[in-house]
Amino acid sequence: MALRAAILRHIRVPARTLALDGSRMQAWNLFNSIRSMSSHDDHIDKAEVIERVLSVVKSFPKVDPSKVTPDVHFQKDLGLDSLDNVEIVMAIEEEFKLEIPDKEADKIDSCKLAIEYVYNHPMVG
Amino acid sequence: MSASYLARRAAQKERVRILYRRALKDTLNWAVHRHLFYQDASGLREKFEANKHVEDLDTIDRMIADAEATYNKWRHPDPYIVPWAPGGTKFTRNPTPPSGIEIIYGYGREDND
């Protein structure tokens, strides 16, 4: 994730008007900052987590996409089954390349819990 | 609707959910291609749905035990585990070194070079 962000930050050429001398070449060095490849402080944004979790839930065939909000409870609001709950949790695991232990996965009951769990996980991809 | 009955039902439901989860992952391990996986997953779901309305606690217990035995028989020998999780390839591969260790650069050259 950090590698991708670092590369995008450098490739994105800022639009600037060329001065008459036009000789200001931007020395584009990918390794400008010493730690551009380190993912030490690069944790995923909460907004991105929310967007991806909601898109996973919306693409579930038994769910009505217009009812999905970040606060929705799978069984109470969306009318899903407990087995559907298991399927949604598995889909979230696949989306973020996580491995959720069985006991924790059993407790994820609503979008809010899912977003919180994913956001607080250190190895989210 | 005594408390012990409800407690047993809740425990059974949790066992069923965990069993469904593991069986689904196992199905994904065996049937790697998605179209095959979807067919097998629907078949698995049908099997679970067929026994949904059983009420008697002992029958349910026996069915869960049978299902767990079937699951153990069908477990994949080389399941896909996410690399950094226990059992995966990257698990404890590069542990952080203990603190207080310093690397000495230029060993042997401190004095006269």
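Residues numbered from 1 in each chain as written. Chains lettered and ligands numbered in written order. Predicted model: local features only at pLDDT ≥ 70, side-chain atom pairs only at ≥ 80, totals over all residues. Heavy atoms only, no water.

- In the annotation of an unreviewed UniProt entry, the entry for chain B reads NADH dehydrogenase [ubiquinone] 1 beta subcomplex subunit 9, and the organism field reads Nelumbo nucifera.
- Under the UniProt heading Function (unreviewed entry), the note attached to chain B is "Accessory subunit of the mitochondrial membrane respiratory chain NADH dehydrogenase (Complex I), that is believed to be not involved in catalysis. Complex I functions in the transfer of electrons from NADH to the respiratory chain. The immediate electron acceptor for the enzyme is believed to be ubiquinone."
- A UniProt comment under Subcellular location (unreviewed entry) is attached to chain B, and it reads "Mitochondrion inner membrane". (UniProt positions renumbered as here; feature names shortened; annotations may be inferred.)

- As recorded in an unreviewed UniProt entry, chain A goes by the name Acyl carrier protein, listed as coming from Nelumbo nucifera.
- Its UniProt record, at the heading Subcellular location (unreviewed entry), says of chain A: "Mitochondrion".

## Describing the overall build of chain A
Here's step 1: The secondary structure content of chain A amounts to five helices and zero strands.
Here's step 2: Reading the secondary structure of chain A in the N-to-C direction produces α-α-α-α-α.
Here's step 3: Across the 125 residues in chain A, those meeting the buried criterion constitute 34%. (Helix = DSSP H or I, 4+ residues; strand = E, 2+ residues; numbered from the N terminus. Buried < 20%, exposed > 50% of the residue type's maximum accessible area, 1.4 Å probe, protein only.)

## Things to note about helix α3 (residues 57-73) of chain B
Here's step 1: Look at α3(B): 24 Å from first C-alpha to last across 17 residues, which is about the 24 Å you get at 1.5 Å a residue.
Here's step 2: The secondary structure elements touched by the buried residues of α3(B) are α1 (3-30) of chain B. (Expected span 1.5 Å × (residues − 1). Contact = heavy atoms within 4.5 Å.)

## Remarks on the packing of aromatic side chains
All names here are of chain B.
Here's step 1: Throughout the structure, instances matching the rule amount to two aromatic pairs over all chains.
Here's step 2: Measuring from ring centre to ring centre gives 5.8 Å for F37 and Y38, while their planes differ by 40 degrees; the resulting arrangement is tilted.
Here's step 3: Take Y38: its relative accessible area is 51%, and that puts it in the exposed class. (Phe/Tyr/Trp six-rings, centres within 6.5 Å; stacked < 30°, edge-to-face > 60°.)

## Details of the pattern of salt bridges
Residue and element names in this part refer to chain A.
Here's step 1: Inspection of the entire model under this criterion finds 21 salt bridges over all chains.
Here's step 2: Across the salt bridge formed by D84 and K62, the nearest N and O atoms sit 3.0 Å from each other. Within this pair, whereas D84 is found in helix α3 (residues 82-96), its partner K62 is found in the loop between α2 (46-58) and α3, the two being separated by 22 residues in sequence.
Here's step 3: A residue is classified by how much of its surface remains accessible, and K62, at 46% relative accessible area, is partly exposed. (Salt bridge = Lys/Arg side-chain N within 4 Å of Asp/Glu carboxyl O.)

## Focus on the interface of chain A and chain B
Here's step 1: Residue-level contacts link 22 residues of chain A with 18 residues of chain B.
Here's step 2: Across the chain A/chain B interface, buried area totals approximately 1,800 Å², and carbon plus sulfur atoms make up 55% of it.
Here's step 3: Broken down residue by residue, the surface that chain A buries against chain B is led by A:L83, A:E99 and A:D102, which jointly contribute 31%.
Here's step 4: On the surface where chain A and chain B come into contact, there are twelve salt bridges.
Here's step 5: B:R21 is the partner of A:D102 in a salt bridge, and the nearest nitrogen-oxygen pair spans 3.0 Å.
Here's step 6: One can count eleven residue pairs in polar contact (both at pLDDT 80 or more) joining chain A with chain B.
Here's step 7: Those elements that provide at least two residues to the side of chain A that touches chain B are α3 and α4 (102-107) of chain A.
Here's step 8: Ranked by the residues each element gives to the side of chain A that touches chain B, the list is headed by α3(A), at nine residues.
Here's step 9: Residues of the side of chain A that touches chain B, tallied by class, amount to nine nonpolar, two polar and eleven charged. (Buried area = accessible area lost by both parts, 1.4 Å probe. Polar contact = N/O pair within 3.5 Å; in protein donor to acceptor, adjacent residues only side chain to side chain. Nonpolar A, V, L, I, M, F, W, Y, C, P; charged D, E, K, R; others polar.)

## A closer look at the UniProt feature "domain: Carrier" (unreviewed entry) in chain A
Here's step 1: Within this structure's numbering, the places UniProt gives as "domain: Carrier" (unreviewed entry) are residues 47-122 of chain A.
Here's step 2: End C-alpha to end C-alpha, residues 47-122 of chain A measures 16 Å, and it is 55% helix and 0% strand.

## Quick notes on the UniProt feature "domain: Complex 1 LYR protein" (unreviewed entry) in chain B
Here's step 1: As annotated in UniProt, the feature "domain: Complex 1 LYR protein" (unreviewed entry) corresponds to residues 15-68 of chain B in the numbering used here.
Here's step 2: When the span residues 15-68 of chain B is considered, its composition is 83% helix and 0% strand, and the gap between its end C-alpha atoms is 9 Å.

## Brief notes about the environment of A:P70
Residues and elements named next belong to chain A.
Here's step 1: Tracing the sequence through the fold places P70 in the loop between α2 and α3.
Here's step 2: A relative accessible area of 33% means that P70 is categorised as partly exposed.
Here's step 3: Measuring from C-alpha to C-alpha, the distance between P70 and P122 comes to 21 Å, with 52 residues separating the pair along the chain.
Here's step 4: Leave out the neighbours within four places in its chain, and P70 touches I50, L54, C111, K112 and I115.

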